[in-house]
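So you can see what is in the structure, the chains are spelled out below.
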Amino acid sequence: DRVDDRLWFYAQSMCGPLAFALDWFNQAVVKNWSAETLETVRSISRVREMGILFIALAGLMNFVAILDALAPPIRQVPTPTPAAPHRRSGDRSGDRSGDVQTGESGR
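If you tally the helices and strands in the protein, you get 4 helices and 0 strands. Helices and strands appear in the protein in the N-to-C order α-α-α-α. The 107 residues of the protein split such that 12% are buried. By element, 61% of the accessible surface of the protein is carried by carbon and sulfur atoms, the whole surface being about 9,700 Å².

Topologically, I52 is positioned in helix α4 (residues 47-70). On a C-alpha basis, the gap between I52 and Q12 in space is 7.8 Å, while along the polypeptide they are 40 residues apart. Excluding residues within four positions of it along the chain, I52 makes contact with D5, W8 and Q12.

Turning our attention to helix α2 (residues 17-28). The terminal C-alpha atoms of α2 lie 16 Å apart, and with 12 residues this matches the ideal 16 Å at 1.5 Å per residue to within 8%. All of the buried residues along α2 are A19, D23 and N26. All buried residues of α2 lie within an arc of 60° about the axis, which places them on one face of the element. Exposed side of α2, more than 90 degrees from the buried face: P17, L18 and W24 are the residues found there.

Between the first and last C-alpha of α4 there are 35 Å, a value that for 24 residues agrees with the 34 Å anticipated at 1.5 Å per step. Considered for burial, the residues of α4 that qualify are I52, A56 and G59. Looking at the buried positions of α4, the neighbouring elements they touch are α1 (6-12).

Examined against the element boundaries, Q27 turns out to sit in helix α2. Residue Q27 is classed as partly exposed on the basis of its relative accessible area of 21%. Distance from Q27 to V3, taken between C-alpha atoms, is 8.4 Å for residues 24 residues apart in sequence. Filtering out sequence-adjacent residues up to four positions away, Q27 remains in contact with D1, R2, V3 and N32.

A cluster of nonpolar side chains, contributed by W8, M50, L53, F54, L57 and L60, occupies part of the molecular surface with about 540 Å² of accessible area. It is α4 that provides the largest number of residues to the nonpolar patch, a total of 5 residues. Turning to its location among the elements, L53 is positioned in helix α4. The exposure class of L53 is partly exposed, given its relative accessible area of 31%.

Calculation rules
- Residue numbers here run from 1 along each chain, matching the order of that chain's written sequence.
- Reporting in this predicted model follows two pLDDT cut-offs: at least 70 for local features of residues, and 80 or more for side-chain atom pairs to be given and counted; totals over whole chains, interfaces and linings ignore these cut-offs and use all residues.
- Derived side-chain values reflect all non-hydrogen atoms in the structure, with water molecules and hydrogen atoms excluded from consideration.
- Per the convention used, a helix needs a DSSP run of H or I reaching at least four residues, while a strand needs a run of E reaching at least two, with both numbered from the N terminus.
- Relative accessibility under 20% of the residue-type maximum defines a buried residue, over 50% an exposed one, and the middle range a partly exposed one, all with a 1.4 Å probe and only protein chains included.
- Areas reported as accessible are Shrake-Rupley estimates using a 1.4 Å probe. Residue values count occlusion only from the protein chains shown.
- Contact definition: two residues touch when any of their heavy atoms are within 4.5 Å.
- Here the expected span of a helix is defined as 1.5 Å times the quantity of residues minus one.
- The directions considered for the arc run from the helix axis to the C-beta atoms.
- Patch membership requires over 30% relative accessible area and the absence of a salt bridge. Like charges are linked within 9 Å, and nonpolar side chains (Val, Leu, Ile, Met, Phe, Trp, Tyr) within 5 Å.
- Any Lys or Arg side-chain nitrogen found within 4 Å of a carboxyl oxygen on Asp or Glu counts as a salt bridge.

See the structure below:
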């Protein structure tokens, strides 16, 4: 509710246009219902408060995701590590290019 719970609505507004549409519906339609009608649709227990809390948290998480996308962390350039030693040209240890393989399986 933009009028009664302004701070909660700011957090909920980050959930997108649906928050604004439902706020309009609440202001234009629900608030104009008679007291008798409001008693029949009144929330049970703390359902309303839990809904306000969860939607506000979803909006705040969307806000954090937007901030993370717009301002990526500054990373330091890693220091170069020493390269692995190169093999000598005559060293063929581990080199299997000289092996001759035939298509036959041990016949």
